[in-house]
Amino acid sequence: MIRVMVCGAYGKMGREVLKAVNSDPELSLVGAMDIKSDFADAGSLIGVDKIGVIVGNDLQTVINETKPQVMVEFTAPDSVMPNIRLAMKNGVSPVIGTTGLVAADVKEIEELCKQYCISALIAPNFSVGAILMMLFAAEAAKYLPNVEIIELHHDQKLDAPSGTALRTAELIVANRGEKKQGHPDEVEKLVGARGADYAGIRMHSVRLPGYVAHQEVIFGGVGQTLTIRHDSISRESFMPGVVLACKRVLSLDGLVHGLEHLLITKQ
Ligand code: NAP
């Protein structure tokens, strides 16, 4: 049994992870932590009876008391790096779902893996459908290099563009390079009208109540468009990926960025 703790346990994703880990026969939910914890039993967060896991509010204490091997991290862009540094210093492998990491953070996690001789996984998106969307988009960009990304999320999301949109853009750029798109003399009458610019790809972030996590990658060619769209209509969509990551992270070599690497080696 792999000993797992959940960081951000009171959150929307944290609660789903508590449920998924607690019900998997190969994983043992040993600990949970959230800064706003009132020391509830984790069972009360997932609608079951007491399960004997008290949600702590101090990460070092929870690690000392519960000795996890893996920490699943779903908190916030400002919290994720301090939590990961502390976990890795204590020899705990992180499975990182929080988005908003920048290139320097990824580099630092890679270095921490070497320093402490442990492994880690970053997945900007844990749902299989979203990973396929990213892979299909990267492939399509070889043939239709003019592309824009629209991502749509609930209005409580803190970072924009989403981690999935950024990862999609990275994968597209790896296949088609940087490219100036649109009319060279175009003018924004309102600042931001054309969205963010990643190597020429325009990215648009919609934030509204009612959405969970959605993305369209739209390609344009002469007389045609191609739209690749993925919708996570519930947070359960991420859980098979999170559970797979918990089971595989300890046997990885250093840092793995993207759940696609686990799915591909699994086949
Ligand atoms: P959420 O509902 O706001 O939950 C985050 C929880 O973490 C909150 O309870 C928050 O407390 C707590 N927290 C904040 N700082 C903390 C710290 N230093 N230590 C421990 N707990 C802390 O957010 P969410 O919707 O679950 O999303 C969490 C992250 O996952 C976001 O970055 C989101 O973009 C990402 N996400 C990733 C995927 C994926 O597939 N990779 C899918 C969905 C979401 P407060 O409310 O008091 O701040």
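Calculation notes
Residues numbered from 1 in each chain as written. Predicted model: local features only at pLDDT ≥ 70, side-chain atom pairs only at ≥ 80, totals over all residues. Heavy atoms only, no water. 1 Å grid on protein atoms, 1.4 Å probe; cavity = no way out; pocket = protein on both sides within 12 Å on 5 of 7 lines; lining within 4 Å. Points joined across faces, edges and corners; volume = space filled by probe spheres on them. Helix = DSSP H or I, 4+ residues; strand = E, 2+ residues; numbered from the N terminus. Nonpolar A, V, L, I, M, F, W, Y, C, P; charged D, E, K, R; others polar. Domains from an automatic or database assignment. Axes fitted to C-alpha atoms, helices over the stretch in contact; angles between N-to-C directions. Left-handed = near helix turned anticlockwise from the far one by under 90°. Contact = heavy atoms within 4.5 Å. Pairing = 2+ DSSP bridges. Parallel < 35°, antiparallel > 145°, perpendicular 65-115°, else oblique. Buried < 20%, exposed > 50% of the residue type's maximum accessible area, 1.4 Å probe, protein only. Polar contact = N/O pair within 3.5 Å; in protein donor to acceptor, adjacent residues only side chain to side chain.

Colleague: Even after reading the chapter, I still don't get the layout of surface pockets, so can you show me in this structure?
Modeller: To find leftover empty space, one rolls a probe the size of a water molecule over the atoms. Taken as a whole, the largest pocket spans an internal volume of roughly 900 Å³. Along the wall of the largest pocket there are 36 residues; nearest its centre are Lys12, Met13, Phe74, Thr75 and Ala76. Counting residues per element, the ones that place at least two in the lining of the largest pocket are α1 (12-22) and α6 (163-176). A breakdown of the residues in the lining of the largest pocket according to their chemical character gives 15 nonpolar, 15 polar and 6 charged. Per-domain counts for the lining of the largest pocket show at least three residues from each of domain 1 (2-122 + 235-266) and domain 2 (128-232). If you add up the space inside the second largest pocket, you get close to 260 Å³. Looking at the second largest pocket, it is lined by 17 residues, and the ones nearest its centre are Leu101, Val106, Pro124, Glu170 and His257. At the level of elements, α4 (103-116) and α6 are the ones that each hand at least two residues to the lining of the second largest pocket. Top contributing element to the lining of the second largest pocket by residue count: α6, with 4 residues. Its residues placed into classes, the lining of the second largest pocket shows 9 nonpolar, 6 polar and 2 charged.

Colleague: Even after reading the chapter, I still don't get the packing of α1 against helix α7 (residues 239-248), so can you show me in this structure?
Modeller: When two helices pack together, you describe them by how their axes are tilted relative to each other and by the distance separating the axes. Axis separation between α1 and α7 bottoms out at 10 Å; the angle between their running directions is 65°. Relative to α7, the crossing made by α1 is right-handed. Residues Met13, Glu16, Val17 and Ala20 of α1 pack against Met239, Val242 and Val243 of α7.

Colleague: Any chance you could explain the pairing of strand β7 (residues 146-153) here in plain terms?
Modeller: Residues in a regular strand point their side chains to alternate faces of the sheet. Bridge analysis of β7 against strand β10 (residues 213-221) gives 8 bridges, and the strand direction is antiparallel. Residue pairing for β10: Ile150 is matched across the bridge by Glu216. Bridge analysis of β7 against strand β9 (residues 201-207) gives 6 bridges, and the strand direction is parallel. If you follow His153 over to β9, its bridge partner there is Arg207.

Colleague: Looking at this model, I keep getting lost on the packing of helix α3 (residues 80-89) against α4. Mind explaining?
Modeller: For the pair α3 and α4, interaxial distance at closest approach is 10 Å and the crossing angle is 10°. As judged from the angle between their axes, α3 and α4 are roughly parallel. Here Met81, Ile84, Arg85, Met88 and Lys89 of α3 come into contact with α4, specifically with Asp105, Glu108, Ile109, Leu112, Cys113 and Tyr116. A class-by-class count of the residues in the contact of α3 with α4 yields 7 nonpolar, no polar and 4 charged.

Colleague: Explain empty space enclosed by the protein to me, please; I cannot follow it from the model alone.
Modeller: All chains considered together, the criterion is met by 1 cavity of 30 Å³ or more. Looking at the largest cavity, its volume works out to about 70 Å³. Taken together, Asn125, Ala130, Met133, His153, Ser162, Thr164, Ala213, His214, Gln215, His230 and Ser232 make up the full set of residues lining the largest cavity. Listed by contribution, the elements that provide at least two residues to the lining of the largest cavity are α5 (128-140), β10 and β11 (224-232). Among the elements that line the lining of the largest cavity, the one with the most residues is β10, at 3 residues. Looking at the lining of the largest cavity residue by residue, the class counts come to 3 nonpolar, 8 polar and no charged.

Colleague: How do you make sense of the side chain of His153 when you look at a structure like this?
Modeller: Looking at the element boundaries, His153 is found in strand β7. By relative accessible area, which is 9% here, His153 ends up buried. Within the structure, His153 has its side chain in polar contact with the side chain of Glu151 (distance 2.8 Å). His153 has contacts with Ser162, Val206, Arg207, Leu208, Tyr211, Val212, Ala213 and His214, leaving out every residue within four places of it along the chain.

That's the geometry; what it means functionally is another story.
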